[in-house]
Amino acid sequence: MTRYSRVIGTGGYLPKEVRIMSKISQTVDTSDSWIYERTGIKSRRIAGPNESAASMAEIAAAGL
């Protein structure tokens with residue numbers, strides 16, 4: 001028996017809380033410019049206290 005799979009849809013969700021790298025770099029021993037030069041990352045999205053990977057996936061899957 002041959003089994004097949006296919007992608008029938010996609011979805012996305014971004015947590016509301018945004019932290020800029022200059023704030024994050026204060027908690028680690030580096031600078032925001034060092035992080036940006038090596039990764040290209042300027043900010044990060046942080047899951048809230050009531051958000052989990054499952055809850056974010058559910059929202060993404062529902063397309064809300």
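In this numbering scheme, every chain counts its residues from 1 along its sequence in written order. Local features in this predicted model are restricted to residues whose pLDDT is 70 or higher, and side-chain atom pairs enter the listing and the counts only when it is 80 or higher, whereas totals over whole chains, interfaces and linings include all residues. Side-chain measures here rest on the full set of heavy atoms in the structure, leaving out hydrogens and waters.

1. As for the overall build of the protein
Link 1 in the chain: For helices the rule is a DSSP run of H or I covering at least 4 residues; for strands it is a run of E covering at least 2, with both sets numbered from the N terminus onward. A tally of regular secondary structure across the protein gives three helices and two strands.
Link 2 in the chain: Mapped in sequence order, the helices and strands of the protein form the string β-α-α-β-α.
Link 3 in the chain: C-alpha atoms define the radius of gyration, and 2.2 Å times the number of residues to the power 0.38 defines the globule rule. In terms of C-alpha radius of gyration, the protein reaches 17 Å, well past the compact-globule figure of 11 Å for 64 residues.
Link 4 in the chain: Across its three principal axes, the protein shows a C-alpha extent of roughly 55 × 30 × 15 Å.
Link 5 in the chain: Here the protein, with 64 residues, has 11% of them falling under the buried criterion.
Link 6 in the chain: A separation threshold of at least 6 residues defines the contact pool for the protein, and within that pool the share at least 24 residues apart is 58%.
Link 7 in the chain: Throughout, the Shrake-Rupley method with a 1.4 Å probe supplies accessible areas, and for residues the shown protein chains are the sole cover considered. Taken as a whole, the protein presents about 5700 Å² of accessible surface, with 53% of it coming from carbon and sulfur.
Link 8 in the chain: Working convention for charge: Lys and Arg count positive, Asp and Glu count negative, and His plus the chain ends are omitted. Charged side chains are reduced to one point each, which is NZ for Lys, CZ for Arg, CG for Asp and CD for Glu. Between the averaged position of the 9 positive side-chain charges in the protein and that of its 6 negative side-chain charges there is a distance of 8 Å. Three labels apply to residues, based on accessible area from a 1.4 Å probe with only protein chains included: buried if under 20% of the type maximum, exposed if over 50%, partly exposed otherwise in between. Throughout, a residue-residue contact means that at least one pair of heavy atoms, one from each residue, lies within 4.5 Å.

2. Considering the pattern of salt bridges
Link 1 in the chain: Between Lys or Arg on one side and Asp or Glu on the other, a salt bridge is scored when a side-chain nitrogen of the former is within 4 Å of a carboxyl oxygen of the latter. Tallied over the entire structure, the rule returns two salt bridges.
Link 2 in the chain: In this structure, arginine 19 engages glutamate 17 in a salt bridge whose closest nitrogen and oxygen atoms are separated by 2.9 Å.
Link 3 in the chain: For glutamate 17, a relative accessible area of 34% puts it in the partly exposed group.
Link 4 in the chain: One salt bridge connects glutamate 37 with arginine 38, and the closest N-O pair in it is separated by 3.5 Å.

3. Brief notes about the confidence of the model for the protein
Link 1 in the chain: One confidence number per residue, pLDDT, is output by the predictor and ranges from 0 to 100. Residues of the protein with pLDDT of at least 70 account for 98%, and the chain-wide mean is 88.
Link 2 in the chain: The secondary-structure element of the protein with the lowest mean pLDDT is helix H1 (residues 21–24), recorded at 79, while helix H3 (residues 53–62) shows the highest, at 93.

4. Describing the environment of threonine 10
Link 1 in the chain: Relative to the helices and strands, threonine 10 resides in the segment before strand E1 (17–20).
Link 2 in the chain: Residue threonine 10 is classed as exposed on the basis of its relative accessible area, which comes to 81%.

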